[in-house]
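# Descriptive analysis of the structure
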Amino acid sequence: MENKQENKQELTKGVVLPNEHKDGVVISTKEAAEYCEFKKQRKRADIRNAIVKSEGVLTNNGEVKKILERAVKHRQAAVRMTPAMLEYVRPWVVTSGVKVDCLIGGNGDTLSKVKVYEAKCALKMKARELTVTISPSMLADCRFAGIRKELKRLRRVAGKSVLKARIEKRCSPERLASMEKICSDVGVDYLSIPYYDGCERAKMGLAGNCRLEVFGVDSLPVYQRLVASGVARIVTERVEEIQAEWLKEVEQITFPKLLAQARREEEKTQPPAVVDALKNTCENVIKTEQPKEESKRTEGITAKEPMAQKEEVKEEKKTDERTLREKENDYQCRLEGKELKFL
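Below is a short write-up of the structure. (Residues numbered from 1 in each chain as written. Predicted model: local features only at pLDDT ≥ 70, side-chain atom pairs only at ≥ 80, totals over all residues. Heavy atoms only, no water.)

What follows deals with the sheet that holds strand β6 (residues 190-194). Sheet strands pair via backbone hydrogen bonds, and the direction of the pair is either parallel or antiparallel. Reading around the barrel, the eight strands line up as β1-β2-β3-β4-β5-β6-β7-β8 and close back on themselves, with parallel pairing between neighbours. Along the sheet, successive strands turn relative to each other by an average axial angle of 25°, direction set aside. The pairing of strand β4 (residues 129-133) with strand β5 (residues 162-166) spans five bridges and is parallel. By the bridge assignment for β5, T133 is matched with R166. (Pairing = 2+ DSSP bridges. Helix = DSSP H or I, 4+ residues; strand = E, 2+ residues; numbered from the N terminus. Axes fitted to C-alpha atoms, helices over the stretch in contact; angles between N-to-C directions.)

On the secondary structure map, V186 appears in helix α8 (residues 173-186). Sequence separation of V186 and L151 is 35 residues, and the distance between their C-alpha atoms is 7.0 Å. Contact partners of V186, with chain neighbours within four places excluded, come to R148, L151, K152 and R155. (Contact = heavy atoms within 4.5 Å.)

Taken as a whole and assessed by the stated rule, the structure comprises one cavity of 30 Å³ or more. There is about 40 Å³ of room inside the largest cavity. Lining the largest cavity are I167, K169, R170, C171, L176, I193, P194 and Y196. For the lining of the largest cavity, a count of residues per class yields six nonpolar, no polar and two charged. (1 Å grid on protein atoms, 1.4 Å probe; cavity = no way out; pocket = protein on both sides within 12 Å on 5 of 7 lines; lining within 4 Å. Points joined across faces, edges and corners; volume = space filled by probe spheres on them. Nonpolar A, V, L, I, M, F, W, Y, C, P; charged D, E, K, R; others polar.)

Before going further, it helps to spend a moment on a positive patch on the surface. Positive charge collects at one region of the surface, where K113, K120, K124, K149, K152, R153 and R156 lie side by side. Every element with two or more residues in the positive patch is listed here: α5 (112-124) and α7 (144-158). Examining the composition of the positive patch, we find that four residues originate from one element, α7, more than from any other. Here K149 lies in helix α7. (Patch = residues over 30% accessible without salt bridge, like charges linked within 9 Å, V, L, I, M, F, W, Y side chains within 5 Å. Areas by Shrake-Rupley, 256 points an atom, 1.4 Å probe, with all protein chains shown as cover. Salt bridge = Lys/Arg side-chain N within 4 Å of Asp/Glu carboxyl O. Lys, Arg positive; Asp, Glu negative; His and termini not counted. Charge placed at Lys NZ, Arg CZ, Asp CG, Glu CD.)

Moving on to unusual backbone geometry. Its identity is not glycine, yet R75 carries a phi of approximately 55°, on the positive side. Along the chain, the position of R75 falls in the loop between α3 (64-73) and β2 (78-81). The exposed category is assigned to R75, whose relative accessible area is 51%. Even without being a glycine, K126 presents a positive backbone phi close to 70°. With respect to the helices, strands and loops of the structure, K126 is situated in the loop between α5 and β4. The class for K126 is exposed, based on a relative accessible area of 55%. (Buried < 20%, exposed > 50% of the residue type's maximum accessible area, 1.4 Å probe, protein only.)

For the pair helix α9 (residues 220-229) and helix α10 (residues 239-252), the least separation of the axes is 10 Å and the interaxial angle reads 85°. When the interaxial angle is binned, α9 and α10 end up roughly perpendicular. Two secondary-structure elements touch here, α9 through L220, Y223 and Q224 and α10 through I242, E245, W246 and E249. In the contact of α9 with α10, the residues fall into four nonpolar, one polar and two charged. (Parallel < 35°, antiparallel > 145°, perpendicular 65-115°, else oblique.)

The next thing to look at is the layout of surface pockets. Within this model, the second largest pocket holds a volume of roughly 230 Å³. Together, 15 residues line the second largest pocket, and V57, T59, R80, R166 and E237 are the ones closest to its centre. Here the lining of the second largest pocket is composed, by residue class, of seven nonpolar, four polar and four charged.

Per the stated rule, a full pass over the model turns up one aromatic pair. Seen from their ring centres, Y223 and W246 are 6.3 Å apart, and the 75° between their planes marks the pair as edge-to-face. In this pair, Y223 sits in helix α9 while W246 sits in helix α10, placing the two residues 23 residues apart along the sequence. Sitting over the ring of Y196, R170 keeps its end group 4.1 Å from the ring centre. For R233, the ring lying beneath its charged end belongs to Y190, and the centroid distance is 4.9 Å. (Phe/Tyr/Trp six-rings, centres within 6.5 Å; stacked < 30°, edge-to-face > 60°. Lys NZ or Arg CZ within 6 Å of the ring centre and 35° of its normal.)

Our focus in this paragraph is the pairing of β4. Most of β4 sits inside the fold, with five of its five residues counted as buried. Where burial is concerned, the two faces of β4 agree: the one with E129, T131 and T133 and the one with L130 and V132 are both buried. As paired elements, strand β3 (residues 100-104) and β4 share four bridges and run parallel to each other. Considered in β4, the bridge of D101 is made with E129.

The buried count for β3 comes to five of five residues, which makes it a mostly enclosed element. Side chains of β3 alternate between two faces, with V100, C102 and I104 and D101 and L103 buried alike. Both β2 and β3 contribute to a ladder of three bridges, which runs parallel. Directly across from R80, in β3, lies its bridge partner D101. Handedness of the crossover joining β2 and β3 through helix α4 (residues 83-96) is recorded here as right-handed. A crossover connection joins β3 to the parallel β4 through α5; in handedness this β-α-β unit is right-handed. (Right-handed = clockwise from strand over helix to strand, strands pointing away.)

Remember, this is a structural readout, not a statement about activity or role.
Given below as structure tokens:
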């Protein structure tokens, strides 16, 4: 719930609502909807950029194609695997173009010579990143001089490739602080630690180009917290589920307050074009109503005054009889010489 509220506050940041500030800009309903869609698109772009920080893990040869396709689809930084798996999936890696992070040293309790040999073999098989597991026994006994010497040797072997120092289990703050100093001094690119509450604070002790990587992340809230705290790399096997859940949260975000304010302001102040359109429609309605009223009026007259019509007919008949009589009394004559003859 806190993450959802933070997302809403982040998306509504910078919006000036009409009733909150007198000098605020009033926007229409269409503009408010466009603004909401713009904020959602921007949040989707931020999610894609956050997923780019993730790194996949290949643990089973049967899922090679699926994991590599997922890495290409989500543009993951790399896919972590062992040297034995790297030799098996080398053809797919070359065609897909996915960066390979090769985990060398097994559980860490191997000789430095073995780690160096595995690193050289991984680089020959086109691995671009090397993750070296720090020996748990050396870390428990605080043999930091041996760890420093081993990392220096591997740094020379890696050359321009990315080198990571991996701590398999959570250790005490004192040992972690010593490892942070060693990695920063030697030139290790990433210090990789397991996830636990407050693990993101380990980046405060790193210096130079050394950054923090966290592995073992399986949930969206944890992933969001690590991204917000500035963790450079996050290793997870559930990147597809995390992205889908994150995008669902974005679709559920709405701006009811902003849209309601825009509708109220539109009702108060209609634009001139809308007013003119309303006037034209009113005039058309009035024009169409007038002939209807006249026809009703004539129908009412014919129904209410039948006697007046009869009187008019009688008067017309009388005028016709008078004209006929006048025509009968008229005489026609013709002048023949000096005499007038009647016809």
